[in-house]
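Examining the three-dimensional arrangement
Next come the chains, spelled out residue by residue.
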Amino acid sequence: MKANESVVLVGTKAVLVPYDVVHVPKYHTWMQNEELRALTASEELSLQEEYEMQRKWRLDEDKLTFIILARHEQDGLASDINSTDPRLHSLPMIGDVNMFFNGTPDDFTAELEIMIAEPHYRRGGYATEALHLILHYATGNFFPSEGPHLAHTLPLRIGVPSLVVRVGDTNTPSIRLFEKLGFMIVKHVKVFEEVEMRVCPASSL
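Please read all numbers here as calculations on a predicted model, not as lab measurements. (Residues numbered from 1 in each chain as written. Predicted model: local features only at pLDDT ≥ 70, side-chain atom pairs only at ≥ 80, totals over all residues. Heavy atoms only, no water.)

**A look at the overall build of the protein chain**
Per the secondary structure count, the protein chain includes five helices and eight strands. Relative to its length of 205 residues, the protein chain is compact, with a C-alpha radius of gyration of 16 Å against a globular reference of 17 Å. Taken over 205 residues, the protein chain has a buried fraction of 48%. Partitioning the intrachain contacts of the protein chain with sequence separation of at least 6 by distance along the chain shows that 59% fall at a separation of at least 24. On the protein chain, roughly 10,800 Å² of surface is accessible, and the fraction owed to carbon and sulfur atoms is 52%. One finds the centroid of the 19 positive side-chain charges in the protein chain at a distance of 3 Å from the centroid of its 29 negative side-chain charges. (Helix = DSSP H or I, 4+ residues; strand = E, 2+ residues; numbered from the N terminus. Rg over C-alpha atoms; globule rule 2.2 N^0.38 Å. Buried < 20%, exposed > 50% of the residue type's maximum accessible area, 1.4 Å probe, protein only. Contact = heavy atoms within 4.5 Å. Areas by Shrake-Rupley, 256 points an atom, 1.4 Å probe, with all protein chains shown as cover. Lys, Arg positive; Asp, Glu negative; His and termini not counted. Charge placed at Lys NZ, Arg CZ, Asp CG, Glu CD.)

See below:
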């Protein structure tokens with residue numbers, strides 16, 4: 001998405017950067033893992049196809065994509081860091097977080113997905129913070145309201161009621177993760193073995 005092509009979102013643990021061509025080889029390596037492809041409903045692509053997909057995602061206005069980088073104590077990053085800052089290249093790439101925009105103005109949804117591909121960084125708070133960052137950027141709200149105060153951004157102002165999450169019905173860690181952010185299960189689609197989650201009315205800020 002061109003709207004975030006130079007946007008960097010800085011948290012205490014994670015940094016979100018636009019999905020750039022330099023990230024493709026690592027992303028392609030992740031997608032060779034059958035389990036990750038299954039969890040993300042992704043097809044196996046060649047490296048060349050992955051480069052083409054990155055270019056498409058960078059231009060498509062219906063996809064908001066960030067790569068998740070893990071911070072370290074001495075990185076010295078400020079909230080106003082530029083996306084071309086070379087210090088970002090020293091941070092390990094650990095996953096991605098996306099928002100897919102679907103429908104019409106009268107029936108619009110913004111579907112949220114996250115992947116922490118590097119096992120070492122799972123259950124370390126990185127997914128939670130990455131979701132805080134992208135949700136604040138997209139909506140201007142915090143999830144939940146007592147969440148951390150993150151770097152000032154220019155949000156897209158996506159309406160909170162439009163947010164939706166779809167995850168496998170046996171993916172308990174992901175369900176618990178989104179529940180912490182104020183989402184709740186509103187539908188169980190048995191044929192796809194998945195649940196649909198939306199923000200609880202009390203959490204809609």
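**Describing the nonpolar core**
Note on soluble globular proteins: their nonpolar side chains tend to be buried together. In terms of nonpolar packing, the biggest core is built from 39 residues, with Met99 and Phe183 touching the most fellow members. The set of elements that each furnish at least two residues to this core consists of strand S2 (14-18), strand S3 (63-70), strand S4 (93-104), strand S5 (107-116), helix H4 (126-139), strand S6 (163-168), helix H5 (172-180) and strand S8 (194-199). If you tally residues by element for this core, the top one is H4, at nine residues. Counting 19 residues, the second-largest nonpolar core is a separate cluster that includes Val15, Trp30, Leu36 and Met115. (Core = buried A, V, L, I, M, F, W, Y, C linked by side-chain atoms within 4.5 Å.)

**Re the environment of methionine 31**
Summarising the element assignment, methionine 31 is placed in the loop between helix H1 (24-30) and helix H2 (34-40). Put simply, methionine 31 and leucine 59 are 28 residues apart on the chain and 21 Å apart in space, counted from C-alpha to C-alpha. If sequence neighbours within four positions are ignored, methionine 31 has contacts with Leu36, Arg37, Thr40, Ser42, Glu50 and Met115.

**Describing helix H3 (residues 47-59)**
Look at H3: 19 Å from first C-alpha to last across 13 residues, which is about the 18 Å you get at 1.5 Å a residue. Within the sequence span of H3, burial applies to Glu50, Gln54, Trp57 and Arg58. End-on view of H3: buried residues confined to an arc of 100 degrees, all on one side of the axis. In this structure, the buried residues of H3 make contact with S2, H1, S3 and S4. (Expected span 1.5 Å × (residues − 1). Arc of directions from axis to C-beta.)

**Quick notes on the pattern of salt bridges**
Throughout the structure, instances matching the rule amount to 13 salt bridges. A salt bridge links aspartate 20 to arginine 58; the nearest nitrogen and oxygen atoms lie 3.4 Å apart. In this pair, aspartate 20 sits in the loop between S2 and H1 while arginine 58 sits in helix H3, placing the two residues 38 residues apart along the sequence. Measuring nitrogen to oxygen at the nearest pair gives 2.8 Å for the salt bridge that ties glutamate 111 to arginine 166. In this pair, glutamate 111 is assigned in strand S5 and arginine 166 in strand S6, connecting sequence segments 55 residues apart. Classification of arginine 166 by relative accessible area gives partly exposed; the value is 29%. (Salt bridge = Lys/Arg side-chain N within 4 Å of Asp/Glu carboxyl O.)

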